[in-house]
Amino acid sequence: MADNISRVFAAAVAADPTRPLLTWYDDATGDRTELSGATLANWVAKTANLLVDAAALAPGDPVGVLLPPHWQTAAVLLGAWSVGAEVVTAPPRPVEAVFAAADRTDEAAGWPAGERYALALAPLAAPLRQVPAGFVDYVIEVRGHGDHFTAGVTGGPGDADLVARATARAAEFGLGAGDRVLVDAARHPDPVDWLLAPLTAGASIVLCGHLDPARLAGRRDSEKVTAELA
C-alpha cells in the first residue's frame, strides 16, 4: 500500500492515464466535467507549483481549504498534499494560503493567510465575475504554473493517518480496483470518503453535487457505475 497521498494518486493515474478518473456532475446547473487521470494530474501539478512559487509553501506548512466536494477541490487538495502540506478546514488559524469558495470568502477573510484564493466552482472552470478584495482567482492564477511537479518522498504530516483512514473506508464501502464509484457529495462531504477512499482502492469517481434522484438510474447506466456512496 502506498504510504503517502501523492503516491496513492500517482498509482491511480498510472493504471490508465487516459481513463476518466473523476467525473463531476452538478444537477443544479447541469454541469458535467470529466477529467482523465492525466488531466487531473495536470491540474494537481499546476496547483502544487502555484503553492510553491506564489505562497513559498514548504512541506509541513498549513493550507486552509474551505471548499465543498468538487473537481476543483480535488485539484486543490491533491496539489496541497503533493507539496506535503497540512490541510486545515477548521477552526480558523494562521496558514500559508487559504482556498475558499465564493460564498465563503467572508469566512476565509478571518483566517490569517499569506495568500488567498477564491474559487467560483463554475461550469467550464469559468472565473469569478468579481474577485473579492484581498483574494485572487484560483482558476486564473493556476493556469500560468508548470504542468509537472515532483512530490516529496515522505508526504505531509497527516498523510499516514489519511491514507489509513481512506483504506479502511474503501474496505467498508466494498470498493475495489477498477470500480466506477458514484458518490452523493451531500452525503459524503469528507474528502476521505469522496476522494481518497476511491483512489486508494484504485477506483474512479463519479461525484454528484445536488444529486437529482430522478437522474440516478440513467447515470448509473451511462457512467457504468459499479459501486455507490449514496
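Only a predicted model underlies this, so the values are computations on that prediction, with no experimental measurement involved. The residue numbering used here restarts from 1 in each chain and proceeds along that chain's sequence as written. Where local features are concerned, this predicted model is filtered to residues with pLDDT of at least 70; where side-chain atom pairs are given and counted, the filter is 80 or more; whole-chain, interface and lining totals use all residues. Hydrogens and waters are ignored; side-chain quantities use all the structure's heavy atoms.

J.: Describe the overall build of the protein, and please don't skip the residues or the numbers.
T.: Helix and strand assignments follow DSSP, with helices taken as H or I runs no shorter than four residues and strands as E runs no shorter than two, numbered in order from the N terminus. Scanning the protein for helices and strands turns up eight helices and ten strands. The C-alpha radius of gyration of the protein comes to 17 Å, within 12% of the 17 Å expected for a compact globule of 230 residues. Along the first, second and third principal axes, the C-alpha atoms of the protein reach 45 × 40 × 30 Å. Taking the contacts inside the protein whose residues are at least 6 apart along the sequence as the reference set, 69% of them involve residues at least 24 apart. We take the radius of gyration over the C-alpha atoms and set the globule estimate at 2.2 Å times the residue count to the 0.38 power. Any two residues whose heavy atoms approach within 4.5 Å at even a single point are treated as in contact.

J.: How would you sum up the packing of helix H2 (residues 37-55) against helix H3 (residues 71-83)? Please name residues and give values.
T.: Each pair of packed helices gets described by two things: the angle between the helix axes and the distance between those axes. At a minimum axis separation of 8 Å, H2 and H3 run at an interaxial angle of 55 degrees. Classed by the angle they form, the pair H2 and H3 counts as oblique. For the element pair H2 and H3, the recorded crossing hand is right-handed. When H2 is examined against H3, the residues Leu40, Trp43, Val44, Thr47, Ala48, Leu51 and Val52 are found in contact with a partner set consisting of Trp71, Ala75, Val76, Leu78, Gly79, Ala80, Ser82 and Val83. Throughout, the ten residues Ala, Val, Leu, Ile, Met, Phe, Trp, Tyr, Cys and Pro are labelled nonpolar, Asp, Glu, Lys and Arg are labelled charged, and all others, Gly among them, are labelled polar. Looking at the contact of H2 with H3 residue by residue, the class counts come to twelve nonpolar, three polar and no charged. Here an angle of 0 to 180 degrees is reported between the N-to-C directions of two axes, which are lines fitted to C-alpha atoms, with helices fitted over the stretch in contact. For classification purposes, angles smaller than 35 degrees are called roughly parallel, those larger than 145 roughly antiparallel, those between 65 and 115 roughly perpendicular, and all remaining angles oblique. Here a crossing is taken to be left-handed if its near helix is turned anticlockwise relative to the far helix by less than a right angle, and right-handed if that turn runs clockwise.

J.: Can you explain the sheet that holds strand E2 (residues 31-36)? Please cite residues and give values.
T.: In short, DSSP must find at least two bridges between two strands for them to pair. Ordered in space as E2-E1-E9-E8-E10, the five strands form an open sheet in which the pairing is mixed. Only two strands of the sheet have a single partner each, and these edge strands are E2 and strand E10 (227-229). Strand-to-strand, the axes of this sheet are offset by a mean angle of 15 degrees, without reference to chain direction. Two strands pair when backbone bridges link them, and strand E1 (residues 20-26) and strand E9 (residues 204-209) are joined in this way by five bridges, in the parallel orientation. Bridged to Leu22 within E9 is Ile205.

J.: Could you give an account of unusual backbone geometry, with specific residues and numbers?
T.: Residue Pro91 is reached from Ala90 by a cis peptide bond, and omega for that bond is -10 degrees. For Ala125, which is not glycine, the phi dihedral falls at a positive 55 degrees. Mapped onto the elements of the fold, Ala125 is located in the loop between strand E6 (113-119) and strand E7 (136-137). The backbone of His210 shows a phi angle near 50 degrees, a positive value even though the residue is not glycine. When you line up the elements, His210 lands in the loop between E9 and helix H8 (216-222). Buried means the residue's accessible area, taken with a 1.4 Å probe over protein chains only, is under 20% of the maximum for its type, while exposed means over 50%, and partly exposed covers the values in between. With relative accessibility at 56%, the residue His210 sits in the exposed group.

J.: Can you explain the environment of Ala101? Please cite residues and give values.
T.: With respect to the element layout, Ala101 can be found in strand E5 (residues 95-101). Separated by 17 residues in the primary sequence, Ala101 and Ala118 have C-alpha atoms spaced 5.7 Å apart. Not counting residues within four places of it along the chain, the set of residues in contact with Ala101 comprises Leu66, Leu67, Pro68, Leu119 and Leu121.

J.: Provide a residue-level description of the nonpolar core, including the pertinent values.
T.: Membership of the largest hydrophobic core comes to 60 residues, with the highest contact counts inside it found for Leu78, Phe99, Tyr138, Leu195 and Leu199. Top contributing element to this core by residue count: H3, with nine residues. For Leu195, the residues in contact, after removing those within four places along its chain, are Ala74, Leu77, Leu78, Trp81 and Ile205. Here, the term nonpolar core denotes a set of buried Ala, Val, Leu, Ile, Met, Phe, Trp, Tyr and Cys residues that are joined through side-chain atoms within 4.5 Å. Residues Ala100, Trp111, Ala118 and Phe135 belong to the second largest nonpolar core, which totals ten residues.

J.: Any details on the pattern of salt bridges? Residues and values, ideally.
T.: Note on definitions: salt bridges are taken to be side-chain nitrogens of Lys or Arg within 4 Å of carboxyl oxygens of Asp or Glu. Overall, the coordinates contain 14 salt bridges when judged by the stated rule. The shortest N-O distance in the salt bridge between Arg32 and Glu223 comes to 2.9 Å. Placement of Arg32 in strand E2 and of Glu223 in the loop between H8 and E10 is noted, with a sequence separation of 191 residues between them. Judged by relative accessible area, which is 41%, Arg32 ranks as partly exposed. Salt bridges sharing partners connect three or more residues here, namely Asp27, Asp212, Arg215 and Arg219.

J.: Tell me about helix H7 (residues 191-201), residues and numbers included.
T.: With respect to burial, H7 is a largely interior element, nine of its eleven residues being buried. For H7, every residue scored as buried is listed here: Val192, Asp193, Trp194, Leu195, Leu196, Ala197, Pro198, Leu199 and Ala201. Positive backbone phi, approximately 80 degrees, marks Gly202, located one or two places after H7.

J.: Give a detailed account of the pairing of E2, specifying residues and quantitative values.
T.: Each regular strand shows side chains that alternate between the opposite faces of the sheet. Where E1 and E2 come together, six bridges link them in antiparallel fashion. Following the sheet pairing, Tyr25 is matched in E2 by Arg32.

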